[in-house]
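Overview (structure and organization)
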Amino acid sequence: MLVTRHAEARAVLADPAYVPPPVRQDGAEGTLAWLRAQVSRFSTGETHAGRRRVLAGLLAGLEPAGLRRAATAMTVERDGDWRGVPTAVLASALGVEDSAPVAGAVAGAVVAAVAGAGSGYLSGEETPEADAAVARLLTLAGVPVITLLLQGYAATEGLIEAALRHAEPGDEPGALLCETLRHDPPLRATRRLDTRTGETVTIDLVAANRDPDVFADPERFDPARGSGPHLTFGSGIRPCPAPGHALALAAGVLDALLAPPRTPPRPR
Ligand code: HEM
């Protein structure tokens, strides 16, 4: 079943009878399949609640304003080459230590491993490369930290990429990001299994975010719209636990990229 209306999407996401489609539980330890069986995102009931509490504890120790400043500083330092910045900033804030002999080497290794495991983590596609990336991540951090890095990676980079496509001179990063989340969600759909019927339900977040019952003139990209009830961070029982962190990381990158060029001081 495909859900495209906002109210229906919210109802499904709030109903405990709908669960994430189960992932296999018999992957060899340390592989991508094994990791997916350990994380909050693909678990249900009490297991989900317990794992989610651990993540909430880690997130509570991170200050979004600090993430934003760090993302700006790193983007400036890299002359605007922002790919990997959200992951590197998040990893460092989560205490993945940069103890390598070459400064930044651990950040680089984390970003490469997160990129290598990122798409398989969400899709379930198991490849030797994704397994190697998970093995690498496990040498650097525990499952809860890895979960945060993998959950945040593609969505945050996708959000920045889409926001840059829409950016106009003078745009304020917060407003630009809000409307980008609604109009161009980096996660375009999410799925649930109806435990009563066995049916898989796909929630089309793009369509729900453009539901004319909820958003006036929904096809128009309008940063002045303000933060409406888009569903891009999910809703109901298991929404994204880190919308403030995600927005801070993305806004920090945009602060650096959209800042007006500095005029050099005039010679006296
Ligand atoms: C623009 C960026 C992001 C978007 C759009 C986004 C969106 C979402 C959505 C829609 C879900 C729920 C999926 C579902 O219900 O099927 C989710 C879950 C989650 N997100 Fe995010 N996310 C973003 C960034 C982040 C970041 C940066 C982090 C970590 C700091 C994060 C951590 C998580 C975690 C841990 C879950 C699983 C929650 C659970 O299992 O209960 N997300 N995210």
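As the structure is a computational prediction, the values presented were derived from the model and not from experiment. (Residues numbered from 1 in each chain as written. Predicted model: local features only at pLDDT ≥ 70, side-chain atom pairs only at ≥ 80, totals over all residues. Heavy atoms only, no water.)

**Here's the deal with the coordination of the iron atom of the ligand**
Counting protein donors around the iron atom of the ligand gives one, Cys240 (SG), at 2.4 Å. Mapped onto the secondary structure, Cys240 falls in the loop between helix 10 (205–208) and helix 11 (243–258). (Donors = N, O, S within 2.8 Å, 3.2 Å for Na, K, Ca; no water. Helix = DSSP H or I, 4+ residues; strand = E, 2+ residues; numbered from the N terminus.)

**Here we look at the sheet that holds strand 2 (residues 18–19)**
Spatially, the four strands line up as an open sheet ordered 1-4-3-2, and their pairing is mixed. Each edge of the open sheet is held by one strand with a lone partner, namely strand 1 (2–3) and strand 2. Alignment of strand 1 against strand 4 (residues 200–204), held across two bridges, turns out to be parallel. Each residue of the ladder has a partner; that of Val3, found in strand 4, is Ile203. (Pairing = 2+ DSSP bridges.)

**A short note on the pairing of strand 3 (residues 189–194)**
Each regular strand carries side chains that alternate between the two faces of the sheet. The pairing of strand 2 with strand 3 spans two bridges and is classified as antiparallel. Looking across to strand 3, one finds that Tyr18 is bridged to Asp194. Both strand 3 and strand 4 contribute to a ladder of five bridges, which runs antiparallel. Each residue of the ladder has a partner; that of Arg192, found in strand 4, is Val201. Taken together, strand 3 and the strand that follows it, strand 4, pair antiparallel across an intervening segment of five residues, in which Gly198 is found at a positive phi of about 80°.

**A few points about the packing of helix 4 (residues 64–77) against helix 11**
Remark: helix 4 packs on helix 11, axes separated minimally by 7 Å, with the N-to-C direction vectors making an angle of 35°. Viewed along their axes, helix 4 and helix 11 form a crossing whose handedness is right-handed. For the pair helix 4 and helix 11, contact is made by Pro64, Leu67, Arg68, Ala71, Thr72, Thr75 and Val76 and by Gly244, His245, Ala248, Leu249, Ala251, Gly252, Val253, Asp255, Ala256 and Leu257, respectively. Grouping the amino acids of the contact of helix 4 with helix 11 by side-chain chemistry returns ten nonpolar, five polar and two charged. (Axes fitted to C-alpha atoms, helices over the stretch in contact; angles between N-to-C directions. Left-handed = near helix turned anticlockwise from the far one by under 90°. Contact = heavy atoms within 4.5 Å. Nonpolar A, V, L, I, M, F, W, Y, C, P; charged D, E, K, R; others polar.)

**Side note on the site of the ligand**
Taken together, 25 residues sit near the ligand, with Ser40, His48, Thr190, Arg192 and Cys240 positioned nearest. In the environment of the ligand, an oxygen atom lies 2.3 Å from a nitrogen or oxygen atom belonging to the side chain of Ser40. Contact distances for the ligand include 3.1 Å between an oxygen atom and a side-chain N or O atom of Arg41. Elements with a contribution of two residues or more to the shell around the ligand: helix 3 (45–60), helix 8 (143–166) and strand 3. (Near = heavy atom within 4 Å. Polar contact = N/O pair within 3.5 Å; in protein donor to acceptor, adjacent residues only side chain to side chain.)

**Topic: the packing of aromatic side chains**
All told, the structure shown has one aromatic pair when counted by the stated rule. Note that Arg196 overlies the ring of Tyr18, its terminal NZ or CZ placed 5.1 Å from the centroid. (Phe/Tyr/Trp six-rings, centres within 6.5 Å; stacked < 30°, edge-to-face > 60°. Lys NZ or Arg CZ within 6 Å of the ring centre and 35° of its normal.)

**Let's talk about the side chain of His230**
Inspection of the secondary structure assignment puts His230 in the loop between helix 10 and helix 11. A relative accessible area of 15% places His230 in the buried class. Engagement of the side chain of His230 in a polar contact is seen with the backbone nitrogen of Thr232, the distance being 3.1 Å. With near-sequence residues (within four places) excluded, His230 lies in contact with Cys178, Leu181, Arg182, Asn209 and Phe215. (Buried < 20%, exposed > 50% of the residue type's maximum accessible area, 1.4 Å probe, protein only.)

**Some words on the environment of Arg83**
Take Arg83: it is sitting in the loop between helix 4 and helix 5 (85–93). A relative accessible area of 40% places Arg83 in the partly exposed class. Beyond its immediate chain neighbours, meaning those up to four positions away, Arg83 contacts Arg78, Glu157 and Glu161. In terms of polar contacts, Arg83 uses its side chain to reach the side chain of Glu161, at 2.2 Å.

**What about helix 7 (residues 128–140)?**
Between its first and last C-alpha, helix 7 extends 19 Å over 13 residues, near the 18 Å set by a 1.5 Å rise per residue. Buried residues of helix 7: Ala130, Ala133, Val134 and Leu137, and no others. Burial along helix 7 is one-sided: seen end-on, the buried residues are contained in an arc of 100°. Opposite the buried face of helix 7, at more than 90 degrees from it, the exposed residues are Pro128 and Thr139. (Expected span 1.5 Å × (residues − 1). Arc of directions from axis to C-beta.)

**Regarding unusual backbone geometry**
With glycine set apart, most residues show a phi of negative sign, and most peptide bonds adopt trans. Here Asp79, not a glycine, exhibits a phi torsion of approximately 55°, which is positive. The backbone of Asp217 shows a phi angle near 45°, a positive value even though the residue is not glycine. Position of Asp217 relative to the elements: it lies in the loop between helix 10 and helix 11.

**Notes on helix 1 (residues 6–14)**
Residues of helix 1 that are buried include every one of His6, Ala9, Val12 and Leu13, and no others. Taken down its axis, helix 1 places every buried residue within 130° of arc, on the same side. On its buried face, helix 1 sits against strand 1, strand 2, strand 3, strand 4 and helix 10.

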